There are 2 protein chains.
Amino acid sequence: MSILVVGSVAYDTVETPFGRAERVLGGSASFFSVAASFFTPVNLVGVVGHDFGERQLAAFHGRPIDLEGLERMEGQTFHWQGRYSLDLNSRDTVCTDLNVFEFFQPKIPARYRDSEVVFLGNIDPVLQRQVLEQVERPRLVACDTMNFWIHGKPDELRKTLGKVQILLVNDQEARELSGEWNLVKAAAAIRAMGPRTLVVKKGEHGVLMFGDAGSFAAPALPLEVVFDPTGAGDTFAGGFLGYLASTGQEGDAALRRAVIMGSTLATFCVEAFSLDRLLRLTRPEIDERYRAFERLTRFESL
Amino acid sequence: MSILVVGSVAYDTVETPFGRAERVLGGSASFFSVAASFFTPVNLVGVVGHDFGERQLAAFHGRPIDLEGLERMEGQTFHWQGRYSLDLNSRDTVCTDLNVFEFFQPKIPARYRDSEVVFLGNIDPVLQRQVLEQVERPRLVACDTMNFWIHGKPDELRKTLGKVQILLVNDQEARELSGEWNLVKAAAAIRAMGPRTLVVKKGEHGVLMFGDAGSFAAPALPLEVVFDPTGAGDTFAGGFLGYLASTGQEGDAALRRAVIMGSTLATFCVEAFSLDRLLRLTRPEIDERYRAFERLTRFESL
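On a predicted model such as this, the values are computed, not experimentally measured, just so you know.

With that settled, consider the interface of chain B and chain A. With 39 residues of chain B at the contact, the number on the chain A side is 39 residues. With both chains or domains summed, chain B and chain A bury close to 3500 Å², and 58% of this area falls on carbon and sulfur atoms. In terms of surface lost to chain A, no three residues of chain B exceed Arg298(B), Phe299(B) and Leu302(B), which account for 22% of the buried area on that side. Run the count over chain B and chain A and you get four salt bridges. Here Arg175(A) ties to Glu204(B) by a salt bridge, and the two come within 3.9 Å at their closest N and O atoms. Across the chain B-chain A interface, the total number found is 20 residue pairs in polar contact (both at pLDDT 80 or more). For the side of chain B that touches chain A, the residue count by class is 19 nonpolar, six polar and 14 charged.

All names here are of chain B. Residue position: Phe236 is located in helix H8 (residues 232–247). The spacing of Phe236 and Ala35 is 201 residues in sequence and 7.8 Å in space, taken between C-alpha atoms. For Phe236, the residues in contact, after removing those within four places along its chain, are Leu168, Val199, Lys201, Val207, Val259, Gly262, Ser263 and Ala266.

It is worth spelling out the side chain of Thr40(B) at this point. Residue and element names in this part refer to chain B. Along the chain, Thr40 falls in the loop between helix H1 (28–36) and strand S4 (42–48). Only 2.5 Å separates the side chain of Thr40 from the backbone oxygen of Met1, close enough to count as a polar contact. When near neighbours in sequence (up to four residues on either side) are disregarded, Thr40 contacts Met1, Ser2, Ile3, Pro64, Gly242, Ala245 and Ser246.

Here the focus is the sheet that holds strand S3 (residues 19–26) of chain B. Residues and elements named next belong to chain B. Taken together, four strands build an open sheet; the order of strands is S3-S2-S7-S8 and the sheet is mixed. Here the strands that pair on one side only, and so sit at the sheet edges, are S3 and strand S8 (91–97). The mean angle between the axes of side-by-side strands here comes to 15 degrees, regardless of whether they run parallel or antiparallel. By the bridge criterion, five bridges tie strand S2 (residues 10–16) to strand S7 (residues 79–84) in an arrangement that is parallel. Counted as the bridge partner of Asp12 is Trp80 from S7.

On to the packing of H1(B) against H8(B). Residues and elements named next belong to chain B. With their axes 7 Å apart at the nearest point, H1 and H8 run at an angle of 40 degrees to one another. For the pair H1 and H8, the sense of crossing is right-handed. Between H1 and H8, the residues in contact are Ser28, Phe31, Phe32, Ala35 and Ala36 and Asp234, Thr235, Ala237, Gly238, Gly239, Leu241 and Gly242, respectively. Partitioning the contact of H1 with H8 into residue classes produces six nonpolar, five polar and one charged.

Residues and elements named next belong to chain A. Taking strand neighbours across the sheet as the criterion, the four strands line up as S3-S2-S7-S8 in an open arrangement whose pairing is mixed. Each of the sheet's edge strands pairs with one partner strand only, and the pair in question is strand S3 (19–26) and strand S8 (91–97). Here the strands of the sheet are splayed against their neighbours by 15 degrees on average, with no regard to which way each runs. Judged from the six bridges that link them, strand S7 (residues 79–84) and S8 form a sheet pairing that is antiparallel. Paired with Arg83 across the strands is Asp92, a residue of S8.

The subject of this paragraph is H8(B). All names here are of chain B. Compared with the 22 Å implied by 1.5 Å per residue over 16 residues, the 23 Å span of H8 between its first and last C-alpha is a close match. Along H8, 13 of the 16 residues are buried, which leaves the element largely enclosed by surrounding structure. One or two residues past the end of H8 sits Gly248, with phi positive at roughly 70 degrees.

Right, let's talk about the relation of the copies chain B and chain A for a bit. Take chain B, turn it by 180 degrees, move it 0.0 Å along the axis, and it overlays chain A with an RMSD of 0.0 Å. One copy is carried onto the other by what is essentially a two-fold rotation axis. Looking at chain B, 100% of its interface residues are interface residues in chain A too, so the copies touch through the same face.

Let us now look at the packing of helix H9 (residues 252–269) of chain A against helix H11 (residues 283–297) of chain A. Any two packed helices are characterised by how steeply their axes cross, that is the angle between the axes, and by the distance between the axes. Residues and elements named next belong to chain A. Between H9 and H11, the shortest axis-to-axis distance is 9 Å and the interhelical angle comes to 115 degrees. In this structure, the crossing between H9 and H11 has a hand that is right-handed. Residues Arg257, Ile260, Met261, Ser263, Thr264, Leu265, Thr267 and Phe268 of H9 touch H11, and the partners they reach there are Arg283, Glu285, Ile286, Arg289, Tyr290 and Phe293. Split by residue class, the contact of H9 with H11 holds seven nonpolar, three polar and four charged.

Residues and elements named next belong to chain A. With respect to the secondary-structure elements, Asp51 resides in the loop between strand S4 (42–48) and helix H2 (54–57). Separated by 21 residues in sequence, Asp51 and Arg72 place their C-alpha atoms 9.4 Å apart. Not counting residues within four places of it along the chain, the set of residues in contact with Asp51 comprises Tyr11, Arg23, Gln56, Gly75, Gln76 and Thr77. Side chain to side chain, Asp51 and Arg23 meet in a polar contact 3.3 Å long.

So, about the pattern of salt bridges. Residues and elements named next belong to chain A. Inspection of the entire model under this criterion finds 49 salt bridges over all chains. Its salt-bridge partner being Glu271, residue Arg289 comes within 2.9 Å of it at the nearest N-O pair. In this pair, Arg289 is assigned in helix H11 and Glu271 in the loop between H9 and helix H10 (276–279), connecting sequence segments 18 residues apart. For Arg289, a relative accessible area of 19% puts it in the buried group. Each of Glu15, Arg20, Glu22 and Arg83 takes part in a single network of salt bridges with overlapping partners.

Definitions and limits used
- Residues numbered from 1 in each chain as written.
- Chains lettered and ligands numbered in written order.
- Predicted model: local features only at pLDDT ≥ 70, side-chain atom pairs only at ≥ 80, totals over all residues.
- Heavy atoms only, no water.
- Contact = heavy atoms within 4.5 Å.
- Buried area = accessible area lost by both parts, 1.4 Å probe.
- Salt bridge = Lys/Arg side-chain N within 4 Å of Asp/Glu carboxyl O.
- Polar contact = N/O pair within 3.5 Å; in protein donor to acceptor, adjacent residues only side chain to side chain.
- Nonpolar A, V, L, I, M, F, W, Y, C, P; charged D, E, K, R; others polar.
- Helix = DSSP H or I, 4+ residues; strand = E, 2+ residues; numbered from the N terminus.
- Pairing = 2+ DSSP bridges.
- Axes fitted to C-alpha atoms, helices over the stretch in contact; angles between N-to-C directions.
- Left-handed = near helix turned anticlockwise from the far one by under 90°.
- Expected span 1.5 Å × (residues − 1).
- Buried < 20%, exposed > 50% of the residue type's maximum accessible area, 1.4 Å probe, protein only.
- Least-squares fit on C-alpha atoms with pLDDT ≥ 70 in both.

Here it is as C-alpha cells:
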C-alpha cells in the first residue's frame, strides 16, 4: 500500500562536534521517503528550486519513490543551517531560508489521489488540510507538527488534528500542544483532539506510544557514536509508517512493531551526515538491528 | 538468601508541589530494606539518634528486617530537607544535618558476618570497604555512590569499586564517574573499574543495564501522578537486589527480571510521601504491576 508524503525537500548545512556538511540533501520529506521506501512505495509531494538538480535527485532514484509530485519552482531551494551542542542534545538554528518553500501550495497529482495512507510532514496546518482535501478516501493519516504551528496557528492545527489518526511529535511538542507537563495527561488531552494514536519521540530516551490498547514504550538503542541527529525524527516516521502501510494492519501489535521499525531506521540515520547512511542501507541490516531491539528489551515473566 | 544493607536511616522533610511532609522516615537503608523485604530477609546496619523511637521503628516491624545492626547513638538522627521543582524533575537540598551519621562507623553484628549478598548504600567509600572487610565471604556485592564521593574521594571510591560486582548509579553520576558523556562509553569505563554489571537509573526515562551478556533497557512506567520521588532510587535498589537474592541466580535473565522488579517497586514509592505506600503494599499488587511492565514493552518479532 503506497504512502503519499508531503513535506520539505531541502539543503541542510550542519555543524556537529565531528565536522561540517555544506548544503547536503535534507528536509522532512527526503528522510521520510527514503526510510519508508524500504517497505512500501512512496509518492512524494514537495517543492525545490532551480538549484536542485539531477545529482540531488539521484538519492531517490532506484527506489520506489515517485517524484511526479516534486514541483520545480523558480528560485532557491529551502535551506536550513544548524549547529549542534557538544553532547548533540541541543541545536541552534543558524539560519532558515525558506526560499521556494515559502510559496509552497501542495498540488496532488491525479495519480496520487487514491492514496490510502498519507503522511503530513511538518508544514502549515492549513496546507496539511489542503492536501487531505485533494485525497479521495484517506484511510490512515499520520501527521507531524512543531512549536511554530502549535503557538502560531493553534486553531488551524486543531482543525487538522481532527482529521488525523496518528500524531507524531517530540515530548516538548506534546507538552506545549496539550498544556500538560505530565506525558500521560498530555496524551489524553491530545488524543481528545482527534488522533487515536499519539507517538511521542524522546530522542535518546526512546519512544512512547499512547493508543486505544494502552501504552507502549520503546527504548532507544544505546549508541556509542551519534554523528549527526538531523533527520532522525523524520526517518523514524518513515520507518514507522512505511512498515505499517506494508503490513496492511492498523492494530496494536502492528503499531508496536512499527515503532520498533521506526526506531531501527533512526539509529542508522544518525550514523552519518544527511541521508548518507540510509542510502547505503540494506534490508538484512535493518532486520538485524530490529533484532538488536528485541535483545535489548526482552525479559521473562515472573 | 538474606541481604546485608548498610546505609542511612533518616528523617526527611520534603516539599513537593503537592504538599509538605515534616520529619518523616527516610534514608537509603530504610527504603532499600522495606523494598527488599518483600523478597528476602534483610539485615540492616545503620545509626540513629536518641530521637528515633519505637514509633519510627514500627515501619520495619512485621517484616523480615533484622535491626540488631541499627545502632542507637547519643545525639540527633540524620535529617535531610529538600524541595522539588514544579515538574519534580529537580530538587534543591534545603539542609543536610548529618548529626549522628557524621560519626557512623559501621559495626557488623557477628550474626551478619556470613552474609552472601551485600548492599553498600551511598556512604563514604572508606566505610563501604570497612563493611566488606567485616563480611566473611561476600558472594555478590552491589553498591551505590554519589557525586560527593566521586569528586571528593575518587581514589578511595576506585578501591571500593574493585570489590563490587554491581554498581547502581544515575546517569549523571555515571557520566561524572567515567568522564564520558556517552553512556555506552561511560559503561565500558566503569565496568573496567571492577563492577561487571552497571545499572544506570534515568528516572522518568527508565533504566539501562550494561553487563557481560549485553545491554538491557527498561522504560519507566508512564505515571499520571508522581507525588514524591524521594527514595525512588533506593527503593529500586531494594527491589532489584532483594528479588535477585531471592532467586539465587546471577545470570542475565535474572538480572533483567530484577531490573523490572526494582522499577516496579519504585513506581509505588513515588505515589506517597516517605515509605507510606511501600508499607501498605502487597505482593499481588507487585506482581500485577510487573505484568504492566510486560504489557508496556512487549512487541513481536518480524
